[in-house]
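Topology and contacts: notes
Below are the chains, spelled out letter by letter.
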Amino acid sequence: MWSVDVFCCGTLMLCAALQVSRGQQQIPVHDATTTVKGDQQTSSSTHTGDILHNAPCFVDDIFVALREAVGNDGELTNSSLANFGLCTVSSGSVLLELSRETSKNGPEVLHPVGVHLAEDDERGTLTLTFDLPRSAFLKLNPVLLLAFESPLTGENLDVTFTSQSLQPNTQSVCISGETRYIMLTGKASESNVHQKWRISVVTKSPDMRQSLKDVLIGAKSGSNISVTPLLLLLGERGTDTRHVSGSSPASSQTSSFLCELKRFLGDILPEDHPVSPPLQLDSLQSLPPLTLGLSSSETLLAGLINSSALTIFSFSSWSRLQVHHGELALSPALLEELGQRLEQTVVQIMEVMREEEMGHKATERLGRLRELSAFPKKEPPAGERQYRAFLLLKALQTVARMYDVQRGLRATRADPNNPARANICGLKSLTVSLEKHLVGPNTANINNCQGSCAFPLVNPKNHGVLLNSHIESGNTDERAPCCVPVSYDALEVVDLDEHGMTYVSIKTDVVAKECGCC
C-alpha cells in the first residue's frame, strides 16, 4: 500500500509528510518500518520534501491562476487548459465558473484533513481516499483541486478518475509538463456529515502506471513532485458566511497585497542569475531594528519615504502567522508626501515597463497593488492602507533603482571612452543571491571595485597618494594602492517578528557606490 498523510496546519496552510510503503497496513508517519506481504519483504520510509502549501501565498496563488485562466475575450486560454489538466475546451465550463467567482469574491475553501493512496496490483489501479471535514459548505457544488508541488517531467499522461462522489462519476484529465493543477467536480452533500471520497485512478496505458505514481507522490528517488488537495465550493452562501481567502477583512487584504507584491516583483525585476550561494541576511551587521507601526516617529517615516536605498522585503515569519496586518498613522503632511511620491514612482515604473516591453500581467499586478493601497478622496485613509502604500512605494523605489543600474551598465558598455572599459579603477556590477523565502527581491546588486590604480590615481585618499609616492621612490616592499570601495549605500530590510510586528533593519555599508585607490 502507498499512503500519504496530510495534516491541517493553520487557516490557509497545510503541513504534509509523505510516506511510501508496500504491505497490508498503514505505517505511522513517524516510523521507518519493514513489512512482509507473502514471501516478499519491503521497507517503508518517511519522506518530507519542500512543502508547497507551507507557502503563505498557496491559496492566493491558486485564486490568481483561476482569475487569469480567462483571456481578454472572456474565453479560456490554451495555456489555462494545460495549466488545469483539461483535455478539451468543452470540459472547461467549471473552470470558467470558478474564474468568474474568483474575480468577484472567491469560492469557499476547505482543506481535506487526510488523504491516502492505495495500490491494487491485480487491477492495476490506484485509489485516492480524501477525508473531508464536517461543513455546511459541502452542500454547495464542490470542486476538488489537486495542486502540484513542482512541474511534471516525462511523457504526457491521460488519466481517468472514477468515483460515486464525482459528478459525472468518470472524469478524464490530461497531464503535461505545463500542468500545475487537476480539477475534479464532485457531488453536493445533502447533510453536514463527515465524508470520505474514494476515487480510483487509472492511466489509459498500463505502462504509464509508474509515471502516475510519480506524479501523485513523487515515487522516484530524489523526486519532490507531490500534490496538495483543496476543496473549492461554488454556489449561493448566504450573508453570514465567509470564505477562507476573502478580500474584505483588512488583515486578509494585507496578505493578498503581500502575495501580489511577491508576484509583481518576480515579474518585473531584472533576471540576474548569480552563481553565489544564497546570502543569509542575518549574517550582515545591522543597526538596531526600528519598529514600523502606529508608534513610529514622523522623522523615521519621513527618512524612509525619502530614502533611495535598496529595500528587501524579507517577512521571514510570515508563513508562521495565521493573520498579518500592519498600520501606520501618518500626519496629513506626510500622507500627502507619501501619496505624491507614490504616484511619481508609479509613472516612472510604468515607463520602465513600456521600455522593457513587459507583458500585461505586470501591468495588471501593479494595478491590483495600487487598488489595495489607494487613498480615498474624501476621508483619511485607514492605517492598513497607509501601511500598504508605504510598502508599495519602497518596492517601486527599489525596482526603479535596479533598472537605473541596468541603464548605467548599458551606457558603460556602449561608451568607448568610459574608464571602466580601459581597466581603470571603477565600479563594476556585482549581483549576489539572497534568501529564497523573501517576498523580494531575491538578488541584490552590491557593486564592486575593479581596475588598475596606476598614476594618476583615481579618487585617491591621502594615504594612497603617499603610499604610491613611497613605492615610486624605490620602496617596493610595500603593497601598491588597491582599487576599493570608499563610499557605500545601506540596505533596508523590512521584516516581521514572531508577533506579526513589522520592523526595518538598516544594514550599513552594503552597496558600493564609489571607488578609490587606497
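Residues numbered from 1 in each chain as written. Predicted model: local features only at pLDDT ≥ 70, side-chain atom pairs only at ≥ 80, totals over all residues. Heavy atoms only, no water.

Labelled according to an unreviewed UniProt entry, the protein appears under the name Muellerian-inhibiting factor, originating from Collichthys lucidus. In UniProt, the protein has this text filed under Subcellular location (unreviewed entry): "Secreted". In its Sequence similarities (unreviewed entry) section, the UniProt record describing the protein reads: "Belongs to the TGF-beta family." (UniProt positions renumbered as here; feature names shortened; annotations may be inferred.)

Let's shift gears to the pattern of salt bridges. If you walk through the whole model with that rule in mind, you get 15 salt bridges. Across the salt bridge formed by Arg-370 and Glu-343, the nearest N and O atoms sit 3.0 Å from each other. With Arg-370 in helix α8 (residues 360-373) and Glu-343 in helix α7 (residues 332-355), the pair connects residues that are 27 residues apart, well separated along the chain. Judged by relative accessible area, Glu-343 falls into the partly exposed class, the value being 41%. Here Glu-371 ties to Arg-368 by a salt bridge, and the two come within 3.2 Å at their closest N and O atoms. Here Arg-368 and Glu-371 lie together in helix α8, a separation of three residues that amounts to about one turn. Via salt bridges that share partners, Asp-60, Asp-61, Glu-68, Glu-260, Arg-263, Asp-267, Lys-361 and Arg-365 belong to a single interconnected network. (Salt bridge = Lys/Arg side-chain N within 4 Å of Asp/Glu carboxyl O. Helix = DSSP H or I, 4+ residues; strand = E, 2+ residues; numbered from the N terminus. Buried < 20%, exposed > 50% of the residue type's maximum accessible area, 1.4 Å probe, protein only.)

Below, the discussion takes up helix α10 (residues 462-472). Taken together, the buried positions of α10 are occupied by Gly-464, Leu-467, Asn-468 and Ile-471. Here the buried residues of α10 occupy an arc of 100° about the axis, which is enough to place them on one side. Within α10, the exposed residues directed more than 90 degrees away from the buried face are Asn-462 and Leu-466. Downstream of α10 by one or two residues, Gly-474 has phi in the positive range, about 105°. (Arc of directions from axis to C-beta.)

Buried residues dominate helix α1 (residues 58-67), accounting for eight of its ten residues. Burial in α1 covers these residues: Phe-58, Val-59, Asp-60, Ile-62, Phe-63, Val-64, Ala-65 and Leu-66.

To continue, consider the state of the cysteines. Considering all chains together, one arrives at five disulfides under this definition. Linked covalently through their sulfurs, Cys-425 and Cys-483 form a disulfide whose S-S length is 2.1 Å. Its S-S torsion of about 80° marks the bond between Cys-425 and Cys-483 as right-handed, since a negative value means left-handed. Pair noted here: Cys-425 is in the loop between α9 (383-414) and β17 (426-428) and Cys-483 is in strand β21 (residues 483-496), with a separation of 58 residues, a long-range link. (Disulfide = S-S within 2.5 Å.)

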